[in-house]
Amino acid sequence: MTITSTFSNLSMVTPMRVTKVLVLLLFITMGLEAFGQSQAKVFYVAPLGDDSWSGTMASPNRNLTNGPFASLERARDAIRQLRQKGATPIGAVTVLVRNGTYRFSRTLRMSSDDSGLQSAVIEWAAYPGEHVILTGGKSITGFQPITDPAILKRIDPQCRQKIMVVDLKAQGVHQYGEISQRSSSGIELFCSGKRMTVARWPNEGWLHIANVPQTGTKRFNEGLDREKRFDGVPVGRHYGRITYDGDRPKRWSAENEIYLHGYWTWDWSDAYQRVHSIDTVVREITIQEPHHNYGYTTNQRYYFLNILEELDSPGEWYLDRNKGLLFFWPPAPITEGSVSVSLLDEPLLSFDSTSYLTFSGFTFEQCRSNGVVVTGGSHVLLAGCTFRFLGNEAVVINGGTENGVQSCDLYDLSLGAIRLRGGDRKTLVPGGNYAANNHIHHYSSWVRTGQYAVFIDGVGGRVQHNLIHDAPHEGLYLRGNDHLIEFNEVYRVCQETGDAGALHTGRDWTWRGNVIRYNYFHHLLGPGLHGVMAVYLDDWASGFTVYGNVFYKSGRSAMIGGGRDNTVENNIFVECAPSVHLDARGLSWASYYFNGTYPELFEHLKEMKYQEPPYSTRYPQLLTLDKGNPAFPLNNTIIRNVSYGGRWIDFYDSNAFDFSVVTMRDNLIADTAICRRQQKDKKGWDTYYLDIDRKDGYVLYTQADRGIKEEFRENTFVTGDPGFESLQRHDFRLKSSSRAFALGFKPIPIDKIGLYQDSFRRTLPDRSVKEFE
C-alpha cells in the first residue's frame, strides 16, 4: 500500500461532517482524565507520517522523530499489538486519518483480530473537518500530441490536434482488464473528478438492429416461440450475425478491438459483445462467442464502442491494449494530478468475521472492484462515507448480523451500490443487516440492467430512509423473507429500460413476510416494452404487504403478477396508470411453470421444506398450494386505498380467472378511468405479455359505467380531489375532511419519508417541486 498526497493544515480544509469522534478528540486534547484518557487509545495516520513512528501524535514533531503513521495498515497492526499485549481493553481505540489521498495497491483487510466490543466499538474515522480519500487509482502524466502518421491518418482531421497520447506501460501500468459481457469494464479513465467515456458511435443514443439473418451453419439460440415480433421469427433466434444500416464502419481499422453494447432482445437485459468481424459490403456483423443469453432481435438498441476512429468529442478515450497506448481528448487542460486510471482489481477494504467496528467519513474511489466487502461478523458500520467511481458494487455485506451502511453517499458507480445478505432462510433466523439514510444515485453506468441501489437477500434485512434516483434500471431488488422496506424515496429509475420495477421481486412462493411501507415512489417512466412498475411483485410473488406508500406518476404502481396472499392497503395513488394490476399468468401464457416444463417454483418449495416448521407455522398459507390449482392468484386483498387522477385497476387473464374472489373494498376511487380488462368474447391467452399497454382487445370502464360501479360496489367513488392538502405542491397528506378516513384509512407519516439528519449526515439535499416538472 502506497500513499501520495500533500498534507494540509486543519484551517485550510473545507469543513465536513462532524461525528462523535470530534467529541472524543476534544476530550483528549483537553487532557481530561475524567473522560478516561488512561483507558482510551488514539492513533493517527497522515500522508507525511512514518510507519516507524508511534502513531500517537496528530502531526509530526519539530524534529521529525515522532508523529502519525503513514498507512492505515500500520494503524491496524498497532491495534492488533495492543490486543496481544493486553494493555488496553480492546475496543477503546480510535484511529483518526488526516487529510489526503491514500493510494491502495492491495486490500486493507480486517479480521476478527480487529474487532471491538459491544461496550467499546473501535472507531476508524476521517479527522474531523478533513477530507480523506482511499483510492485504487494511479495518476497519469506525460500526455503528448500524436505524432505517429499512421495513427493520425485514422483520426478525423478536425480532431487530431485535440487528442493526446500517453504510454501506460512506461508508467508501470500493464494490466488493463477486459471488457466482459456483464461485469467490470476493466481499466477506467478519470479526469478532474469525472469518469470519461470509451470512444463510441454514435456519441449519444442508440442504433437499431436492421435485421437478424436466419441462415448459417449454426443456430446459437432457438428464441422464444410465443413471441414473434418480425417476419414470424421467434425473438432471440440467431446464427451469430446481425446487420446494420449505413456505411459508418467502412471508416474503421481492423486494428480496433470493437465491442457492441445493447439491449439485444429484452429491454431489461443488456450486455457487451465482442465483434469478430464486420462485412462492410453486405453490412453484416459477426459477433464473437459467447453470445447474449437471450439472443438478438431485429430493431433492438445497441451502439459500437472501443474504436479509435470514433474518438471525436471531449471526454472520450481509447486504449490500444496491445501497445499500452492511451488516447484521450481531455475536456479541459490537463493539470498535475487531474488524470488517473483505476488499477486495483480487488476491494479497497474488507472485513472478515469482524465485529463492533465503525468506519466513518472516508471517500472510496477509483477501484475496478468493490469499495468495501463485509463477510460475517456483527455490528460493522460504514457511516458518513462516500463511494464513487467504482468498477463493481460499492458495498457488499455478506452474512453476519446487524452490519450496516448508514448516511453514506453512493453515486457514479459502474455497477450497483449496496448488496445485503444475511440471515438463514431455512430456519428463518434474521440477519438484521441494513441500509439506512443513504443517498444513492447515478449508479449502473456501465452495466445498465440488473444493478441496484440496494439488493437485499436472506431474512430480516432493513432498507430504510434512503433517497434513490436517476438510474437506467431498477432501484431495489428483494429476495427472501421478513424484510422491511420503509421510508424510502425512489424516483427517476428505470429510465432506459422496460418491464422493470422501482422495487422488483418474484418467482419464489417462499419469499414471504416482507413489508413495503411508508415509501414514496414517483416520476417513473420506462421507455422500453411493458414500461415501468413501482412495486413489481413479479411472477407469483406472494405474502407481501404493501402498506401506507405514496405513488405519484409511477406507472403501473402496485403490480401483483399472478401471486397470492398479497395485501395492498392504505396507499395513496396519484396519476398512476394503473394504480393496481392483477393477473393470473399461471393460467395462460406462463402455464409452463405449472405443467412440469419449468418446475422451479415447486423446487423452491421443497428446498425450504414448506410443510414443516418454521415455514408451515410462520406461513401457513403455503399449505394451501397443495389444495386446488396453485396457479390461482388467491387471497389477494386490496383495501382502504385512495386513488386519484389516473386509472384504478387492470385485470389481466380475466377470462381465465374470476377476479371477483379478490377482496377489494373500502377504497376511495377518484379516477375517471376505473378498470381495464380483456373483452369477454376474446378466446385464447390474454395477449398483454406481448405489449402490456396494447389497446386492441381490451375494454376500459370509466366512472360513467354503472355496471363497473355495481361490480365494485364495496368501494366509494368520487370525482375530483379526494382531499389532498395541496396537489400543486405535491402535498399528498389528506385533510381531516377526506372521505377516506370514514372508510378506515390511517394517516401516512409522509414527513418521515426520506433522508434525515444525524451525526454522520449534517445536511440534506435541496429539494424543489420544480425539479420534477
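Data block above holds the structure.
Counting secondary structure elements, the protein contains six helices and 60 strands. Its C-alpha atoms give the protein a radius of gyration of 29 Å, near enough to 28 Å, the size a compact globule of 773 residues would have. Expressed along its principal axes, the backbone C-alpha trace of the protein runs to roughly 90 × 75 × 50 Å. Out of the 773 residues in the protein, the part that is buried amounts to 60%. Within the protein, residue pairs in contact and separated by at least 24 positions form 69% of the contacts whose partners lie at least 6 positions apart. Of the roughly 30,900 Å² of accessible surface on the protein, a fraction of 48% belongs to carbon and sulfur atoms. Of the charged side chains in the protein, 82 are positive and 85 negative, and the gap between their average positions amounts to 1 Å.

The residue N488 is located in the loop between β39 (484–486) and β40 (489–491) in this model. Of the polar contacts made by the side chain of N488, one reaches the backbone nitrogen of H465; its length is 3.3 Å. A polar atom in the side chain of N488 sits 3.0 Å from the backbone oxygen of E486. N488 has contacts with V463, Q464, H465, N466, Y518, N519, Y520 and I753, leaving out every residue within four places of it along the chain.

Let us now look at unusual backbone geometry. With omega at -5°, the peptide bond leading from A577 into P578 counts as cis. Within the secondary structure layout, P578 lies in the loop between β49 (572–574) and β50 (580–583). The omega angle of the peptide bond from P613 to P614 is 5°, so this bond is cis rather than trans. Residue position: P614 is located in the loop between α4 (600–607) and α5 (615–618). For D666, which is not glycine, the phi dihedral falls at a positive 55°.

So, on to helix α2 (residues 72–85). With 14 residues, α2 extends 20 Å between its outermost C-alpha atoms, agreeing within 8% with the 20 Å of an ideal straight helix rising 1.5 Å per residue. For α2, every residue scored as buried is listed here: L72, E73, A75, R76, A78, I79 and L82. Looking one or two residues past α2, G86 carries a phi angle of roughly 70°, positive in sign.

What follows is about the sheet that holds strand β20 (residues 316–320). The mixed open sheet is built from five strands, whose spatial order is β8-β9-β21-β20-β12. In this open sheet, the two edge strands, each paired with only one partner strand, are β8 (144–145) and β12 (197–198).

Counting 98 residues, the largest nonpolar core has W124, F359 and F387 as its most contacted members. Among the elements that line this core, the one with the most residues is α2, at five residues. Non-local contacts of F387, meaning those with residues more than four positions away in its chain, are made with F364, V372, L382, A394, V395, C408, D409, L410, Y411 and L413. Within the second largest apolar cluster, 26 residues are counted, among which are L168, Y259, L305 and W446.

Attention now goes to the sheet that holds strand β10 (residues 189–191). Taking strand neighbours across the sheet as the criterion, the four strands line up as β7-β22-β10-β11 in an open arrangement whose pairing is antiparallel. A single partner strand is all that each edge strand has here, and the edge strands are β7 (137–139) and β11 (194–195). Bridge count for β7 against strand β22 (residues 339–342) is three bridges, and the pairing is antiparallel. Of the residues in β22, the one forming a bridge with S139 is S340.

The rules behind each value
Residues numbered from 1 in each chain as written. Predicted model: local features only at pLDDT ≥ 70, side-chain atom pairs only at ≥ 80, totals over all residues. Heavy atoms only, no water. Helix = DSSP H or I, 4+ residues; strand = E, 2+ residues; numbered from the N terminus. Rg over C-alpha atoms; globule rule 2.2 N^0.38 Å. Buried < 20%, exposed > 50% of the residue type's maximum accessible area, 1.4 Å probe, protein only. Contact = heavy atoms within 4.5 Å. Areas by Shrake-Rupley, 256 points an atom, 1.4 Å probe, with all protein chains shown as cover. Lys, Arg positive; Asp, Glu negative; His and termini not counted. Charge placed at Lys NZ, Arg CZ, Asp CG, Glu CD. Polar contact = N/O pair within 3.5 Å; in protein donor to acceptor, adjacent residues only side chain to side chain. Expected span 1.5 Å × (residues − 1). Pairing = 2+ DSSP bridges. Core = buried A, V, L, I, M, F, W, Y, C linked by side-chain atoms within 4.5 Å.

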